[in-house]
Amino acid sequence: MAAQTATQKTSGSDVQPHQDMATARDRIAGFAAGIASGATKLFVGHPFDTVKIRCQVEGGHGRFKGPLDCLVST
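Here the structure is a predicted model, which is why all the values come from computation and not from measurement. (Residues numbered from 1 in each chain as written. Predicted model: local features only at pLDDT ≥ 70, side-chain atom pairs only at ≥ 80, totals over all residues. Heavy atoms only, no water.)

### Considerations on the overall build of the protein
Applied cut-off: Secondary structure counts use DSSP, requiring at least four H or I residues in a row for a helix and at least two E residues in a row for a strand, with both numbered from the N terminus. Whether a residue is buried, partly exposed or exposed follows from its accessible area with a 1.4 Å probe, protein chains only, as a fraction of its type maximum: under 20%, in between, or over 50%, in that order. Areas reported here follow the Shrake-Rupley algorithm with a probe of radius 1.4 Å; residue values treat only the protein chains shown as occluding.
When helices and strands are tallied, the protein shows three helices and zero strands. Ordered by position from the N terminus, the helices and strands of the protein form the series α-α-α. Looking at the 74 residues of the protein, the share that counts as buried comes to 5%. Only carbon and sulfur atoms are counted for the fraction: they give 63% of the accessible area of the protein, which is about 6500 Å².

What follows is the structure, encoded as structure tokens:
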């Protein structure tokens, strides 16, 4: 009967400190990955949005011959 009590006590839902650290590391890693993803999207997507808007504003009859010309001249 003493063995059952010892087993019940050790199999409880006690959270170990190293499990909390792993969770904190996972959260920090996820946060850093989100920042990296957002920054990459901004640096890659912004030039394409700029070219798109400039071509739309010019209406096809402006100073650019096309998207590649707009990208090169800007």
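Structure shown, so let's carry the discussion forward.
### Details of the state of the cysteines
Our working rule: In this description, the term disulfide denotes a pair of cysteine sulfurs within 2.5 Å.
Applying the stated rule across the entire model yields zero disulfides. For Cys55, which is in no disulfide, the shortest distance to another cysteine sulfur is to Cys70 and amounts to 4.4 Å. On the basis of relative accessible area, Cys55 is assigned to the partly exposed category, the value being 25%. Looking at Cys70, the relative accessible area reads 0%, which means it is buried.

### Side note on a nonpolar patch on the surface
Defined as follows: Here the term patch refers to residues with relative accessible area over 30% and no salt bridge, with like charges joined within 9 Å and nonpolar side chains (Val, Leu, Ile, Met, Phe, Trp, Tyr) within 5 Å. A side-chain nitrogen of Lys or Arg and a carboxyl oxygen of Asp or Glu constitute a salt bridge if their distance falls within 4 Å.
Taken together, the side chains of Leu68, Leu71 and Val72 make up a nonpolar region of the molecular surface, amounting to roughly 330 Å² of accessible area. As for its placement among the helices and strands, Leu68 is situated in helix 3 (residues 67-73).

### So, the confidence of the model for the protein
Low-confidence regions, as indicated by low pLDDT, have predicted coordinates that should not be scrutinised in detail. We count it as follows: What pLDDT conveys is the predictor's confidence in a given residue, as a value from 0 to 100.
When pLDDT is averaged across the protein, the result is 78; 68% of the residues are at 70 or more. Per-element averaging of pLDDT across the protein places helix 1 (residues 2-10) at the bottom with 53 and helix 2 (residues 17-58) at the top with 87.

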